[in-house]
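Now for the letters of each chain:
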Amino acid sequence: MSQAYDVIVIGAGHAGCEAAAAVARLGKRVAVITLHLKHIGRLSCNPAIGGLAKGNLVREIDALGGIMAKVADATCIQFRRLNTRKGLAVQASRAQVDIDAYPLEMQRVLAQTQGLTLLEGEVAAIRMTSGHVSGVILGDGSELHAPAVILTAGTFLAGILHTGDVKTIGGRVGDGAAHALSGSLADLGLRLGRLKTGTPPRLDSDTIDWDRIDVQHDTVPEGRFSFAEPGPRLPQINCHMVYTNAKTHDIIAKQIHRSPLFSGVIEGTGPRYCPSIEDKVVRFPDKERHLVFLEPEGLNTKRVYPNGLSTSLPLDVQVDYVHSITGMENARILVPGYAVEYDFADPRDLGHDLQHRNVPGLFMAGQVNGTSGYEEAAAQGLVAGVSAATGTTFQLARDAAYIGVMIDDLVTRGVGGEPYRMFTSRAEHRLLLREDNADRRLMPTGREWGLVSDQEWERFTERSERYDAAADALNVQLTPSVATKQAFADAGIGDIKGPMTARELLKRQGVDWDDVRTVAPSLPELPILVAEQLTTDVRYEGYIAKAERQAEAMRGQDTLPFPPNWVWADIRSVSTEVRERLDAAQPKTLGQAARVPGVTAAAVQQLAAMMVKYSAQA
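Read on for a plain summary of the structure.

Parameters at a glance
- Every chain's residues receive numbers from 1 upward, in the order its sequence appears when written.
- A pLDDT threshold of at least 70 governs which residues receive local features in this predicted model, and a stricter bar of 80 or more applies before side-chain atom pairs are shown or counted, although totals over entire chains, interfaces and linings include all residues.
- Values reported for side chains reflect all heavy atoms of the structure, with hydrogen atoms and water molecules removed beforehand.
- Two strands qualify as a pair provided that DSSP identifies no fewer than 2 bridges between them.
- Strands here are runs of E lasting at least two residues and helices are runs of H or I lasting at least four, both read from the DSSP assignment and numbered beginning at the N terminus.
- Axes here refer to lines fitted to C-alpha atoms; in helices the fit is confined to the stretch in contact. Angles between the N-to-C directions go from 0 to 180 degrees.
- In the analysis that follows, any N or O atom pair within 3.5 Å is treated as a polar contact, provided that within protein one partner can donate a hydrogen and the other can accept it, and provided that, for residues neighboring in sequence, both atoms belong to side chains.
- Every patch collects residues that have over 30% relative accessible area and no salt bridge, joining them within 9 Å if they carry like charges and within 5 Å if they are nonpolar side chains (Val, Leu, Ile, Met, Phe, Trp, Tyr).
- For every accessible area listed, the method is Shrake-Rupley and the probe measures 1.4 Å; residues are considered covered only by the protein chains on display.
- The working definition used for a salt bridge is a side-chain nitrogen of Lys or Arg within 4 Å of a carboxyl oxygen of Asp or Glu.
- In this tally Asp and Glu are treated as negative and Lys and Arg as positive; neither His nor the chain ends contributes.
- Each charge is placed at NZ for Lys, CZ for Arg, CG for Asp and CD for Glu.
- The buried label goes to any residue with under 20% of its type's maximum accessible area, the exposed label to any with over 50%, and the partly exposed label to all in between, with areas taken from a 1.4 Å probe on protein chains only.

Below, the discussion takes up the pairing of strand 18 (residues 291-296). Looking at chain direction, strand 17 (residues 240-243) and strand 18 are connected through four bridges and run antiparallel. Note on strand 18: the bridge partner recorded for histidine 240 is leucine 294. Note: strand 18 against strand 19 (residues 303-307), four bridges, orientation antiparallel. Opposite proline 296, over in strand 19, you have valine 304 as the bridge partner.

Set out below in structure tokens:
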């Protein structure tokens, strides 16, 4: 087998699927190579999409023409809004999806994508010609040719599964590992490190006493991620909540020496913000209990995912601590929890196009870059796919998208020795980067790059026109007439003391678009999505204007490029530590330099002064 493509994608997880779809959407021929075709789009850990900051990524992917949101909506079995008691900038959506239906839907979408070929096999090496990527060599010795390769190997590079002292070769249960490819990458000079992640045991639903366990409420049955026309919905079901207790913690503490995480068997660092249960017991000894969400994995399976019980402890210990939890005294473990240790490549060696600086034509996306999470992987896959297909850097600014924040963090700061996870706190401009306005932020960009279909663009244009018309209509004046006062009272939105506009009324706490329409009937009826965007923009317009000014100021730094011939080691106006950090990071602009860990504000001022001096001499 020797075939030629425009782009080859290694791996068909969330990064690989999104990368391949983006390449094909741009009219290029793309081959996706995966160990098992039936595992395309598989949910290796939690069968859920979205969450804090992650929901923003999903919506941004959708606004750029991506597929994750649509697949999640088609296979959703529970939809929730998180952080609803806090400001809109940190609220987020999360969908529990059917673990069997999601990959099937992803496979269907990819199979119907023109120009996309799915191949089963193992990539053993990256093929190089004259210092540039020219394809891949498969385990059977055959070759595929392409000027660009996107590596989305997930946890499969030299992957090892750990359950107590039992070690198994693999990137996840039921799959092997890519040891030959890992060696090939090292031969190419990639800086590889070791990370760890984990998953909890899967439980048998029939053996859990649900009558003694609380239901998780605050669901949004009509909630969706995608801006596209809503499609059919699967039946919605409940998730539940339980807590660990003193007995649980005592069982774990007494057996902690049997965890490979603490015995020194596992070398890789695990995710700080998604720790194993044994990690929680050790790090938080004073905490009396830990919350565990019992999440059904699908409509046609008995498997339950106990979110919060991730572990690498031996099976007998897992059985004991599961049985110590109320309602789970007789719960049967269907699949033991395990930790997976794997190789990753230092993302500081990548450009913002996610192309490796020292291996032209090699793009990298997903957990291979040290990230954690389906959503982070998919977002990287989209960026790598567009960049590889076009030969141009597809870069989103930090004030335009969480995707831009994440990739800038990765290539300038790295992962800091532990898996990188997206948080709202990582974004300086999170009030501008809300879930609800992802289409207005990014769909014009997606259209410009050829990623957004005509149908999606027409829907966006219609929403935009309705938004603009409604925003203008808010200038209607309301006067404190008897009829208006009665309308206010009937709507339960307080009183009107003097003349005011509908816009001013919409700023009142607890007042929504439909409330305002009851007292100002000339206002148009709006879809929920448009009404939410407009209400948020009006209510927070002062804060938004301030955030936009701050973003503009910071954008100025990001447009100041360093001279290409600067040698960081020769710059004596900053400390040795700063020089070393800048030399390692190789920032291209003053803004990137300012975000490198350890680079002080004083050092940034010195660099800015040097740039002014350099420009004057040029």
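As a further point, take the sheet that holds strand 22 (residues 362-364). Hydrogen bonding along the main chain pairs the strands of a sheet, whether they run parallel or antiparallel. Across the sheet, which stays open at both edges, the five strands sit in the order 7-3-2-11-22 with parallel pairing between neighbours. Only two strands of the sheet have a single partner each, and these edge strands are strand 7 (116-120) and strand 22. Ignoring strand direction, the axes of neighbouring strands in this sheet form an average angle of 20°. Judged from the three bridges that link them, strand 11 (residues 149-151) and strand 22 form a sheet pairing that is parallel. Residue pairing across strands places valine 149 opposite leucine 362, the latter belonging to strand 22.

Let us now look at the side chain of aspartate 346. One can find aspartate 346 in the loop between strand 21 (338-345) and strand 22. Separated by 2.7 Å, the side chains of aspartate 346 and arginine 348 make a polar contact.

Moving on: a negative patch on the surface. Where like charges cluster on the molecular surface, the negative patch consists of Glu462, Glu465, Asp468 and Asp472. Residue class for aspartate 468 comes out partly exposed when judged on its relative accessible area of 46%.

Turning our eyes to something else, we now look at the pattern of salt bridges. Taken as a whole and judged by the stated rule, the model has 39 salt bridges. A salt bridge links aspartate 62 to lysine 70, with the nearest nitrogen and oxygen atoms 2.9 Å apart. Classification of lysine 70 by relative accessible area gives partly exposed; the value is 29%. The residue arginine 212 makes a salt bridge to aspartate 209 at a minimum N-O spacing of 3.7 Å. Take arginine 212: its relative accessible area is 44%, and that puts it in the partly exposed class. The exposure class of aspartate 209 is partly exposed, given its relative accessible area of 30%. Members of the salt-bridge network, linked through shared partners, are Arg398, Asp408, Asp409, Arg413, Glu428 and Arg595.

Moving on, we come to the sheet that holds strand 21. Here four strands make up an open sheet; going across it, the order is 13-12-21-14 and the pairing antiparallel. Every other strand in the sheet has two partners, leaving strand 13 (166-169) and strand 14 (192-199) as the edge strands with one partner each. Direction aside, the axes of adjacent strands within the sheet are offset by 25° on average. Relative to strand 21, strand 14 is paired through eight bridges, and the arrangement is antiparallel. Paired with leucine 192 across the strands is alanine 345, a residue of strand 21.

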